Amino acid sequence: QVRLVESGGGLVQAGGSLRLSCAASRGTFSSYAVGWFRRAPEKEREFVATIGGSGITTAYANSVKGRFTISRDNAKNTVYLQMNSLKPEDTAVYYCARGTYVSVAPASYLYWGQGTQVTVSS
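Description of the structure in this document. Per chain, residue numbering runs from 1 following the sequence as it is written. Residues qualify for local features only when their pLDDT is at least 70, as the model is predicted, and side-chain atom pairs are given and counted only at 80 or more; totals for whole chains, interfaces and linings, by contrast, use all residues. The side-chain quantities take in all heavy atoms of the structure and omit both hydrogens and water.

1. Thoughts on the overall build of the chain
- Along the chain, the regular secondary structure elements total 0 helices and 11 strands.
- Secondary structure is summarised from DSSP: a helix means a run of H or I of at least four residues, a strand means a run of E of at least two, and numbering begins at the N terminus for each. Shown N-terminal to C-terminal, the secondary structure of the chain runs as helices and strands in the order β-β-β-β-β-β-β-β-β-β-β.
- Each radius of gyration is computed over the set of C-alpha atoms, and the globule rule expresses the reference value as 2.2 Å times the number of residues to the power 0.38. For 122 residues, the compact-globule estimate of 2.2 N^0.38 gives 14 Å, and the C-alpha radius of gyration of the chain, at 13 Å, lies within 12% of that figure.
- When its C-alpha atoms are laid out on the principal axes, the chain stretches across 40 × 25 × 25 Å.
- Relative accessibility thresholds used throughout: buried, under 20% of the residue-type maximum; exposed, over 50%; partly exposed, between the two (1.4 Å probe, protein chains only). With 122 residues in all, the chain has 43% of them scored as buried.
- Only heavy atoms matter for contacts: two residues are in contact if any of them lie within 4.5 Å across the pair. Sequence-distant contacts, at least 24 apart, represent 57% of the contacts inside the chain between residues at least 6 apart.
- Note that accessible areas follow from Shrake-Rupley with a 1.4 Å probe, and for residues the cover is restricted to the protein chains shown. For the chain, the exposed area adds up to about 6,300 Å²; of that, 48% sits on carbon and sulfur atoms.
- In the chain, 13 side chains carry a positive charge and 7 a negative one; their mean positions are 8 Å apart. Counted charges follow a simple rule, with Lys and Arg positive, Asp and Glu negative, and His plus the chain ends left uncounted. Note on charges: their place is set at NZ of Lys, CZ of Arg, CG of Asp or CD of Glu.

Printed below as a string of C-alpha cells:
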C-alpha cells in the first residue's frame, strides 16, 4: 500500500518560516497530484495547496497565497510546502494526500499521511 509521511512541523513564532515535506515510502509521485490540507483546533479540515504530477499546475487557498509555496522533486519522491510569514491562524495539523488530479476537495485524494503539527505563537 502507498504510505505518505509528513515531516518538518514544529513550534515557530509569528513571522517565521517552516518547510514541510511529504515523502512516499513506496510507489511514485510522478503521475499523481499531491495536496496539502490542514485542520485547526475546533475547525473543519481545509484546503491549503496542491500540485499536479509534473509540477506545472499549482493552486493555493486565498489565505496562504503569497506566503506558501508548493513544489515537488519526483526524483526524491517528495513534495514540499514552504511556509513563510507564518501567522497564529496557520496553527493546525497539516496533512499531505495523493490524488489522480489537481483538486481542492479532500474526497479527490485517496491516500493520506498521518499529519504533522504546526504551531505559530504570537
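2. Concerning unusual backbone geometry
- Positioned with a positive phi, E42 is a non-glycine residue whose angle comes to about 60°.
- Its location among the elements puts E42 in the loop between β4 (33-39) and β5 (46-51).
- Judged by relative accessible area, which is 85%, E42 ranks as exposed.
- Positive phi is not limited to glycine here, since N77 has a value of about 55°.
- Mapped onto the elements, N77 comes out in the loop between β7 (68-73) and β8 (78-83).
- Of the residues examined, N77 reaches a relative accessible area of 12% and is grouped as buried.

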